[in-house]
Amino acid sequence: MKNFKKILTLLLVLIMSLTGTACDRFGGGEEEDDPTVTHLKVLNYNGGFGTQWLEEVKERFEEVYKDYSFEEGKKGVVIDIDRGKDNYYQVKKIIDSKICGKLFFDINLRKPFFDNKTIVYTLKHCNILKASEEELSYIIKNIFNDKEEGYLNDIKKVYTHFPNIELILLTCGEEGSYAYQGKDDILTYQEAFKVEVISTVGAGDCFGATFLVNYLNGDSIKECLYKANKAASIVVNKVEAI
């Protein structure tokens, strides 16, 4: 936790828009940060299922952790939500503000709400990348215009192109997950837990959040992968867990 000046999560909520969905358009994250609390910056694509659910989560999270210290000398947390429909502008805006020590990028591709320009810009600046096997395949074939050569080789290609990424997380469903530490050329594997898969909704988000929390708390990469896989296995065993 102490290695991070700020906790920055890009929630690229790139979900399919529904006809008749009410999406209020208003700004967020512009206020001057209160130095006595931890600020969690959330970038929300304002074009999907609306924003009320996010506001409710924000209020609950801030209340639950109002007395918790995420950073030395600070107590509580404030979630700053930034909304917009121009993904590249929104991503560039929050990255260029340099408010964070580390950037965690869950690529989370959802057609048609992404473009290669935004993906490449974020890859150039992120420190931790989380991707599914399908998203890794997209990067190799559509960003690099290359052919796939297996998980390990493909992960190394990403690191070669973007050496700023110190840790790459790859989720492969029933095949388990991987974590690649590029600087030390270390690949860690965690097998998946054997459970009945009812729905995969929210599994990747749960995996990423669980890994990140434990990583910030100083757990080993192997421990983080184990806990992240365990949490995701609980989610997939439930009907629409989120």
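The structure we're discussing is the one just above.
About the cut-offs
Residues numbered from 1 in each chain as written. Predicted model: local features only at pLDDT ≥ 70, side-chain atom pairs only at ≥ 80, totals over all residues. Heavy atoms only, no water. Core = buried A, V, L, I, M, F, W, Y, C linked by side-chain atoms within 4.5 Å. Buried < 20%, exposed > 50% of the residue type's maximum accessible area, 1.4 Å probe, protein only. Helix = DSSP H or I, 4+ residues; strand = E, 2+ residues; numbered from the N terminus. Contact = heavy atoms within 4.5 Å. Pairing = 2+ DSSP bridges. Phe/Tyr/Trp six-rings, centres within 6.5 Å; stacked < 30°, edge-to-face > 60°. Lys NZ or Arg CZ within 6 Å of the ring centre and 35° of its normal. Axes fitted to C-alpha atoms, helices over the stretch in contact; angles between N-to-C directions. Parallel < 35°, antiparallel > 145°, perpendicular 65-115°, else oblique. Left-handed = near helix turned anticlockwise from the far one by under 90°. Nonpolar A, V, L, I, M, F, W, Y, C, P; charged D, E, K, R; others polar.

What follows concerns the nonpolar core. The nonpolar side chains of a soluble globular protein tend to be buried with one another. I107, I119, L123, L129, V158, I165 and I168 are the most contacted members of the largest nonpolar core, which has 30 residues in total. Contributions of two or more residues to this core are made by α2 (87-96), α3 (116-125), β5 (128-132), α4 (133-143), α5 (151-161), β6 (167-171) and β7 (177-181). Considering each element in turn, this core owes the most residues, five residues, to α4. Aside from chain neighbours lying at most four places away, what touches V158 is L129, L136, I139, I140, F144, I165 and I168. Formed by 14 residues, the second largest nonpolar core is a distinct cluster that contains L167, A179, I221 and A228.

This part takes up α5. Of all the positions in α5, only D154, I155, K157, V158 and Y159 are classed as buried. On the buried face of α5, the contacting elements are β5, α4, β6, β7 and β8 (186-190).

Attention now moves to the pairing of β8. When a strand is regular, its side chains alternate between the sheet's two faces. As paired strands, β7 and β8 are joined by five bridges and run antiparallel to one another. Directly across from Y178, in β8, lies its bridge partner Y189. Between the end of β7 and the start of β8, which pair antiparallel, lie four residues, with D185 showing a positive phi angle near 55 degrees.

Inspection of the entire model under this criterion finds 14 aromatic pairs. With 5.6 Å between their ring centres and 75 degrees between their planes, Y88 and Y121 make a pair best called edge-to-face. Residue Y88 is found in helix α2, and its partner Y121 is found in helix α3; the two are separated by 33 residues along the sequence. Linked through ring pairs, F61, Y65, Y68 and F70 together constitute an aromatic cluster. For the cation-ring pair, K117 lies above Y88, with the distance from its terminal atom to the ring centre recorded as 4.1 Å.

As a further point, take the packing of α4 against α5. Interaxial distance between α4 and α5 falls to 10 Å at its minimum, and their mutual angle equals 55 degrees. Between α4 and α5, the crossing angle belongs to the class labelled oblique. Between α4 and α5 lies a crossing whose hand is left-handed. Touching E133, L136, I139 and I140 of α4 are Y151, D154, I155, K157 and V158, all from α5. Residues that form the contact of α4 with α5 fall into these classes: six nonpolar, no polar and three charged.

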